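Each chain is listed here by its residues.
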Amino acid sequence: MNNLLLIVLLTLATFSFGQGNSAYDQRLMIHFTEEQLAQMPRSKLEAITYYYCESYYLDDSHVIGFDIQSFDVSKYEELRRESVDFSFTNDQGLIITLIAKEKYLPKAAPKKS
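This is a predicted model, so every value here is computed, not measured. (Residues numbered from 1 in each chain as written. Predicted model: local features only at pLDDT ≥ 70, side-chain atom pairs only at ≥ 80, totals over all residues. Heavy atoms only, no water.)

Peer 1: How should helix H4 (residues 42–54) be read in this particular structure?
Peer 2: For the α-helix, the turn length of 3.6 residues means that residues three or four positions removed from each other point alike. The end-to-end C-alpha separation of H4 is 17 Å, in line with the 18 Å expected for 13 residues at 1.5 Å each. What H4 keeps buried is the set Ser43, Leu45, Ala47, Ile48, Tyr50, Tyr51, Tyr52 and Cys53. (Helix = DSSP H or I, 4+ residues; strand = E, 2+ residues; numbered from the N terminus. Expected span 1.5 Å × (residues − 1). Buried < 20%, exposed > 50% of the residue type's maximum accessible area, 1.4 Å probe, protein only.)

Peer 1: It is not clear to me how the side chain of Arg80 should be interpreted in this structure. Could you clarify?
Peer 2: If you trace the backbone, Arg80 turns up in the loop between strand S1 (56–59) and strand S2 (86–89). Since its relative accessible area comes to 4%, Arg80 is described here as buried. Within polar-contact distance, the side chain of Arg80 engages the backbone oxygen of Ser55 at 2.9 Å. Engagement of the side chain of Arg80 in a polar contact is seen with the side chain of Glu77, the distance being 3.0 Å. Every residue in contact with Arg80, bar those within four places of it in the chain, is listed here: Tyr51, Ser55, Val73, Leu98, Ile99, Lys101 and Tyr104. (Polar contact = N/O pair within 3.5 Å; in protein donor to acceptor, adjacent residues only side chain to side chain. Contact = heavy atoms within 4.5 Å.)

Peer 1: Would you mind going over the environment of Leu28 with me for this structure?
Peer 2: As for its placement among the helices and strands, Leu28 is situated in helix H2 (residues 26–29). Judged by its relative accessible area of 2%, Leu28 falls in the buried class. Sequence separation between Leu28 and Asp72 is 44 residues; the distance between their C-alpha atoms is 8.8 Å. Not counting chain neighbours up to four residues away, the residues in contact with Leu28 comprise Leu37, Leu45, Ile48, Thr49 and Tyr52.

Peer 1: Would you mind showing me how to read the sheet that holds S2 here?
Peer 2: A sheet is described by the order of its strands in space; here three strands give the open sequence S1-S3-S2, paired in antiparallel fashion. At either end of the open sheet lies a strand with only one pairing partner, and these are S1 and S2. Each adjacent strand pair in this sheet contributes to an overall mean axis angle of 15 degrees, direction not counted. Sheet topology places S1 next to strand S3 (residues 95–98); four bridges connect them, and they run antiparallel. Its bridge partner lying in S3, Tyr57 is registered against Thr97. (Pairing = 2+ DSSP bridges. Axes fitted to C-alpha atoms, helices over the stretch in contact; angles between N-to-C directions.)

Peer 1: What is the right way to look at the packing of aromatic side chains in this model?
Peer 2: How two aromatic rings sit relative to each other is set out by the distance from centre to centre and by the angle between their planes. Counting across every chain of the model gives six aromatic pairs. Both rings, one in Phe32 and one in Tyr52, keep their centres 6.2 Å apart while their planes meet at 80 degrees; by these two values the pair is edge-to-face. One end of the pair, Phe32, is in the loop between H2 and helix H3 (34–39); the other, Tyr52, is in helix H4, with 20 residues separating them in the sequence. Accessibility expressed as a relative area gives 11% for Tyr52, which makes it buried. One aromatic cluster is present, formed by Tyr56, Phe71, Tyr76, Phe86 and Phe88 through successive ring pairs. (Phe/Tyr/Trp six-rings, centres within 6.5 Å; stacked < 30°, edge-to-face > 60°.)

Have a look at this one:
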């Protein structure tokens, strides 16, 4: 019984985090290897995690089968505005809101120790 509970919990954890065998968000794995991320200073890792995972908002309510783990915000970086958030709809119908540079850059810059 304990083994079954452990298997269920591990399965749920893997599904919930969407990471498979990786300890890192798949959106980071599009640009970095697991080894690169593991060797990265913590402040830099936190900064790039913020950029690739939190410097935008997504509304996928009109998109069937959207997988956030495959979303790459860097494809839209040239559309990001300096001081205002910018929303648009991509070709698949995904509504993307890019947080203004002046709001996200302080959080995406590695902090000095």
